[in-house]
Amino acid sequence: MSLEEVTWDKVKTSSPDPDHNGNNTIRLGIPKGSLQDATIALFARAGFNVYANGRSYFPVIDDPEIECMLIRAQEMARYVEHGALDAGLTGTDWVSESGLEIQPVADLVYAKQSRGRVRWVLAVPDDSKYQNAEDLAGCIIATELVNATRHYFQKKNIPVTVEFSWGATEVKAPQLADAIVEVTETGSSLKANRLRIIDTVVESVTQLIANRNAWQDDWKRKKIENMALMLRGAIAAQGRVGLMLNVRKNDLPAVLAVLPALNAPTISSLSDCEWVAVNTILEETLVRDILPKLKEANATGIVEYPLNKVVL
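Residues numbered from 1 in each chain as written. Predicted model: local features only at pLDDT ≥ 70, side-chain atom pairs only at ≥ 80, totals over all residues. Heavy atoms only, no water.

**Considerations on helix 9 (residues 287–296)**
Rules: The buried label goes to any residue with under 20% of its type's maximum accessible area, the exposed label to any with over 50%, and the partly exposed label to all in between, with areas taken from a 1.4 Å probe on protein chains only. In this text, helices come from DSSP runs of H or I with a minimum length of four residues, and strands from runs of E with a minimum of two, each type numbered from the N-terminal end. The directions from the helix axis to the C-beta atoms form the arc being described.
Of all the residues in helix 9, the buried ones are Val-287, Ile-290 and Leu-294. All buried residues of helix 9 project into a common sector of 70° when viewed along the axis, lining one side. Turned more than 90 degrees away from the buried face of helix 9 sit Arg-288, Lys-295 and Glu-296, all of them exposed. Downstream of helix 9 by a residue or two, Asn-298 has a phi angle that is positive, lying close to 75°.

So this is what it looks like as structure tokens:
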């Protein structure tokens, strides 16, 4: 079954409607494949519970104003630009590769395994004679990211033949190509296939994008912006915890000297005028080192608590 056949009853393209027509629904594309689980987990932390059936292209979400559809990240920009979707999540790599006109809404720095960016890298076999991009003049490069790869070599004025790869790109060098351009988070898959990175072609982050006509609809724009706010808040909270404590005013400078803060710690008066309460946010990995130092600085009632969202 083609993707065009897997649609809502009748998928209508978005049209500008400043007054809104009462159809209070956002059609949202969730990336199918490697980003799917990480995206659904991010939405859960943001307060949206998404339930995906393995055989259905239409996950259920606990927000009646959102309808979800699973779309490959490589195709997301096309369906958002055409208006089959009001918004979707994909990589900035695929947005750039498509060359289509969409509305960027928010960069969301998360990936399949980490909170970092992913890289499209130029890689060759471990035992290859090639040491840099210039050595590949006249060679064949296999990749899914054809346009970005061509642009990379054209900027360097290196003549190569870039061939589209339908998948399993790591196994194509050296038998089917001299080098590959492939996406990686950790580099472990490339190492497992005895490949060596010689350069980074482009970096990418996940991006929430919107259809430009949908963006002109006041209701849809506000709904998408609010969704972006919650997603960014969930990402900002990852790996961070809150810490609250009490301390005598005389000991406050020593406590503040220990605390690194996302912003300045919040200091509140207590019923006992000799004491204050301190509330702050910090990286969870720092707590094991900082908490004993706080105790040494005469802090008491120290409480560490988890964070769901941090909205700056």
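**Observations concerning the nonpolar core**
The test is simple: The criterion is simple. A nonpolar core is a set of buried Ala, Val, Leu, Ile, Met, Phe, Trp, Tyr and Cys residues joined through side-chain atoms within 4.5 Å. Only heavy atoms enter the contact rule, under which two residues are in contact if any of them lie within 4.5 Å.
Ranked by size, the top nonpolar core spans 30 residues in total, and within it Leu-28, Phe-43 and Leu-208 carry the most contacts. Counting only elements with at least two residues in this core, the list comes to strand 1 (26–32), helix 1 (36–45), strand 4 (66–72), strand 5 (87–91), strand 6 (103–108), strand 12 (206–210) and helix 7 (218–237). Counting residues per element, this core draws most heavily on helix 7, at six residues. Setting aside anything within four residues of it in sequence, one finds Phe-43 in contact with Leu-28, Ile-30, Phe-48, Val-50, Leu-89, Met-227 and Leu-231. One finds Ala-73, Val-124, Ile-158 and Val-201 within the second-largest nonpolar core, a separate group that totals 18 residues.

**So, the packing of helix 1 against helix 7**
Rules: Structural elements are reduced to axes, namely lines fitted to C-alpha atoms, with helices fitted over the stretch in contact, and the angle between N-to-C directions of any two is expressed from 0 to 180 degrees. These descriptions rest on fixed angle ranges, namely under 35 degrees for roughly parallel, over 145 for roughly antiparallel, 65 to 115 for roughly perpendicular, and the rest for oblique.
Running from N to C, helix 1 and helix 7 cross one another at 100°; their axes reach a closest spacing of 8 Å. Considering the angle they form, helix 1 stands roughly perpendicular to helix 7. Across the interface between the two elements, Leu-42, Phe-43 and Arg-45 from helix 1 touch Met-227, Leu-231, Ala-234 and Ile-235 from helix 7.

**Structural notes on the side chain of Asp-217**
What counts, and what does not: In this tally, Lys and Arg are treated as positive and Asp and Glu as negative; His is ignored, and so are the chain termini. Salt bridges are defined by distance alone: a side-chain nitrogen of Lys or Arg within 4 Å of a carboxyl oxygen of Asp or Glu. Throughout this description, a polar contact denotes any pair of N or O atoms lying within 3.5 Å of each other; where both atoms belong to protein, one of them has to be capable of donating a hydrogen while the other can accept it, and for residues adjacent in sequence the pair is counted only when both atoms sit in side chains.
Topologically, Asp-217 is positioned in the loop between helix 6 (212–216) and helix 7. For the buried Asp-217, no salt bridge is present, and the opposite-charge side chain at shortest range is Lys-220, 5.3 Å distant. Here the side chain of Asp-217 touches Lys-220 through a polar contact of 3.0 Å, landing on its backbone nitrogen.

**Re the packing of aromatic side chains**
Which entries qualify depends on this criterion: A pair of aromatic rings is counted whenever rings of Phe, Tyr or Trp (Trp by its six-membered ring) have centres within 6.5 Å, and the orientation is called stacked for planes under 30 degrees apart, edge-to-face for over 60 and tilted otherwise. Put simply, a charge is over a ring when the Lys NZ or the Arg CZ is close to the ring centre, within 6 Å, and near the line of the ring normal, within 35 degrees.
What the rule picks out here adds up to four aromatic pairs. A ring pair is formed by Trp-94 and Trp-120, whose centres lie 5.6 Å apart and whose planes are at 90°; its orientation type is edge-to-face. Here the residue Trp-94 occupies a position in helix 3 (residues 92–98), and Trp-120 occupies one in strand 7 (residues 118–125), the gap between them amounting to 26 residues. Each of the two residues, Trp-94 as well as Trp-120, counts as buried. Here Phe-164 and Trp-166 contribute two aromatic rings whose centre-to-centre distance is 4.8 Å and whose plane-to-plane angle is 90°, an arrangement assigned as edge-to-face. The class of Phe-164 is partly exposed, set by a relative accessible area of 41%. Taking relative accessible area as the criterion, Trp-166 reaches 78% and is therefore assigned exposed. The aromatic ring of Tyr-57 is capped on one face by Lys-32, whose charged end is 5.9 Å from the ring centroid.

**Digging into the pattern of salt bridges**
The full count for this structure, using the stated rule, is eight salt bridges. The closest approach of N and O atoms between Glu-65 and Lys-223, which form a salt bridge, is 2.9 Å. Of the two residues, Glu-65 is situated in the loop between strand 3 (60–61) and strand 4 and Lys-223 in helix 7; the sequence distance between them amounts to 158 residues. For Arg-212, the salt bridge is made with Glu-101, and the minimal N-O distance between the two is 3.5 Å. Here Glu-101 lies in the loop between helix 3 and strand 6 and Arg-212 lies in helix 6, a separation of 111 residues in the sequence. Classification of Arg-212 by relative accessible area gives partly exposed; the value is 42%. We classify Glu-101 as exposed; its relative accessible area is 55%. Through salt bridges with shared partners, one network takes in Arg-27, Asp-86 and Lys-220.

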